[in-house]
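For reference, the chains in residue letters:
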Amino acid sequence: MSARKIIIDTDPGQDDAVAILTALASPDDLDVLGITAVAGNVPLSLTARNARIVCELAGRTDVPVYAGCDAPLTRKLVTAEHVHGKTGLDGPVLPEPTMTLADGHAVDFIIETLRREEPGTVTLCPLGPLTNIATAFERAPDVAERVQEIVLMGGAYFEVGNITPTAEFNIYVDPEAADIVFKSGAPIIVHPLDVTHKALVTRDRNDAFRALGTPVGTAVAEMTDFFERFDKEKYGSLGAPLHDPCVTAYLLEPELFSGRHINVEIETTSELTRGMTVADWWGVTDRPANAIFIGDLDADGFFALLTERLSRL
Ligand code: RIB
Ligand code: CA
């Protein structure tokens, strides 16, 4: 079977980096047509830099990296240096990228790719705020129906928020963009904090990354050593939640995950609950189902998959 065509839209971010590395380690399964950077964890200049650093770490400078939107559709950018460090990729010491950015804006790349490829053959994998995706759908209303699936990390329901009491960061940063995407009609699979907070990099799991004894394994372990501080201090958790790699793992082994096809809507008007994903998990409304909302995973299987794939780089 031919490799699945994907575009990774990202705001690296240590967890984004692990998701990208896992995808780039799997060329027989995932054909990464391009990586589109968006402002999120850190400003665009850094997310576009970090995406290229990760491509070079993976030895995959064949994958074009495009710079996208540097701010949310209407709101002021909120970043997360308190979690990811000032560079967004704190932890390992990695060389500055030598590969250049691909020509053109990320949004144009998304639109052109969706129009060029056969309908229903390109999967969008947003790992950050949904600004690039929403801008593409607004600028080219014909492309949403050409998307195979949108498999994204974002939102929260039972787990509630990580940037406010009610909102997860990716959705909080650009709720208007998320609202456009969730109303686009494209098939959506959501990996919220409800599942990503069960994908914790415990000491043993991080030791398995380090034991790979490769530059990739060492870099991932050092990223996690840095990235875990925030969640261990805030939640007392056993390790860093590997949010974004849930998206890549789902593409590779969807049977590791479980969820429900439900209605999910985005709070965009209240400042108190801005960016909340209102997930009708119990079906108490007649609002139409528009997303598969993932609630659980086989964590040991997830980490076995990640470790094996990363060992290939
Ligand atoms: O809330 C977690 C999400 O926000 C992850 O994608 C992380 O990288 C940040 O973008
Ligand atoms: Ca991210």
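As a reminder, the structure under discussion sits directly above these lines.
How each quantity is defined
Residues numbered from 1 in each chain as written. Chains lettered and ligands numbered in written order. Predicted model: local features only at pLDDT ≥ 70, side-chain atom pairs only at ≥ 80, totals over all residues. Heavy atoms only, no water. Helix = DSSP H or I, 4+ residues; strand = E, 2+ residues; numbered from the N terminus. Rg over C-alpha atoms; globule rule 2.2 N^0.38 Å. Buried < 20%, exposed > 50% of the residue type's maximum accessible area, 1.4 Å probe, protein only. Contact = heavy atoms within 4.5 Å. Areas by Shrake-Rupley, 256 points an atom, 1.4 Å probe, with all protein chains shown as cover. Lys, Arg positive; Asp, Glu negative; His and termini not counted. Charge placed at Lys NZ, Arg CZ, Asp CG, Glu CD. Core = buried A, V, L, I, M, F, W, Y, C linked by side-chain atoms within 4.5 Å. Near = heavy atom within 4 Å. Polar contact = N/O pair within 3.5 Å; in protein donor to acceptor, adjacent residues only side chain to side chain. Nonpolar A, V, L, I, M, F, W, Y, C, P; charged D, E, K, R; others polar. Salt bridge = Lys/Arg side-chain N within 4 Å of Asp/Glu carboxyl O. Donors = N, O, S within 2.8 Å, 3.2 Å for Na, K, Ca; no water. Axes fitted to C-alpha atoms, helices over the stretch in contact; angles between N-to-C directions. Parallel < 35°, antiparallel > 145°, perpendicular 65-115°, else oblique. Pairing = 2+ DSSP bridges.

With that settled, the discussion passes to the overall build of the protein chain. When helices and strands are counted, the protein chain shows 12 helices and 12 strands. Radius of gyration (C-alpha) of the protein chain: 18 Å, near the 20 Å computed for a compact globule of 313 residues. Taking the principal axes of its C-alpha atoms as reference, the protein chain extends roughly 50 × 45 × 40 Å. When the 313 residues of the protein chain are sorted by exposure, 61% land in the buried category. Across the protein chain, every contact between residues at least 6 apart in sequence was considered, and the portion connecting residues at least 24 apart equals 82%. Of the roughly 11800 Å² of accessible surface on the protein chain, 53% is carried by carbon and sulfur atoms. Here the protein chain contributes 25 positively and 47 negatively charged side chains, and the mean placements of these two sets differ by 2 Å.

This part is about the nonpolar core. Counting residues in hydrophobic clusters, the biggest one holds 62 residues, and the most contacted among them are Ile-8, Ile-35, Phe-209, Phe-257 and Phe-302. By size, the runner-up hydrophobic cluster in this structure holds 38 residues, among which are Val-107, Leu-114, Ala-186 and Ile-188.

The subject of this paragraph is the site of ligand 1. If you check the shell around ligand 1, you find 13 residues, and the closest are Asp-15, Asp-16, Glu-168, Asn-170 and Asp-244. Within the side chain of Asn-170, a nitrogen or oxygen atom sits 2.8 Å from an oxygen atom of ligand 1. Sorting the residues of the shell around ligand 1 by element identifies α1 (14–24) and α6 (169–173) as the ones contributing at least two each. Of the residues assigned to the shell around ligand 1, the class counts are 3 nonpolar, 5 polar and 5 charged.

Turning our attention to the pattern of salt bridges. Counted under the stated rule, the structure contains 20 salt bridges. Asp-225 is the salt-bridge partner of Arg-210, the closest N and O atoms lying 3.1 Å from each other. Of this pair, Arg-210 sits in helix α9 (residues 203–210) while Asp-225 sits in helix α10 (residues 215–235), placing them 15 residues apart in sequence. Judged by its relative accessible area of 29%, Asp-225 is partly exposed. With a shortest N-O distance of 3.4 Å, Lys-232 and Glu-228 are connected by a salt bridge.

On to helix α7 (residues 175–182), then. Most of α7 sits inside the fold, with 7 of its 8 residues counted as buried. If you check which residues of α7 are buried, you get Pro-175, Glu-176, Ala-177, Ala-178, Asp-179, Val-181 and Phe-182. Buried residues along α7 sit in contact with α5 (131–139), β5 (147–153), α6, β6 (188–191), β10 (264–266) and β12 (291–297).

Let's shift gears to α5. When you tally the buried positions in α5, you get 7 out of 9 residues, the bulk of the element. Considered for burial, the residues of α5 that qualify are Thr-131, Asn-132, Ile-133, Ala-134, Thr-135, Ala-136 and Phe-137. The secondary structure elements touched by the buried residues of α5 are β1 (4–10), β2 (30–37), α4 (106–116), β4 (122–126), β5 and α7.

Okay, the coordination of the calcium ion (ligand 2) next. For the calcium ion (ligand 2), the protein coordination sphere consists of Asp-11 (OD), Asp-16 (OD), Asp-16 (OD), Leu-127 (O) and Asp-244 (OD), at 2.2 to 2.6 Å. The sequence motif formed by the donor residues of the calcium ion (ligand 2) is D-x4-D-x110-L-x116-D. Pair noted here: Asp-11 is in the loop between β1 and α1 and Leu-127 is in the loop between β4 and α5, with a separation of 116 residues, a long-range link. The class for Asp-11 is buried, based on a relative accessible area of 0%.

The axes of two packed helices give the description: the angle between them and the distance between them. Between α1 and helix α11 (residues 245–252), the least distance of the axes is 7 Å, while the angle of their chain directions is 25°. With respect to α11, the axis of α1 lies roughly parallel. Of the residues in α11, those touching α1 at Asp-15, Val-18, Ala-19, Thr-22 and Ala-23 are Pro-245, Thr-248 and Leu-252. Residues of the contact of α1 with α11, tallied by class, amount to 5 nonpolar, 2 polar and 1 charged.

With that settled, the discussion passes to the sheet that holds strand β9 (residues 257–262). Judged by pairing direction, the sheet is mixed, and its 8 strands sit side by side in the order β3-β2-β1-β4-β5-β6-β12-β9 without closing on themselves. One side of each edge strand has no neighbouring strand; the edge strands of this open sheet are β3 (65–67) and β9. Neighbour to neighbour, the strand axes of the sheet diverge by 25° on average, direction disregarded. Where β1 lies against β4, 5 bridges are found, and the strand directions are parallel. Bridged to Lys-5 within β4 is Val-122.

Don't take any of this as a statement about function, it's just geometry.
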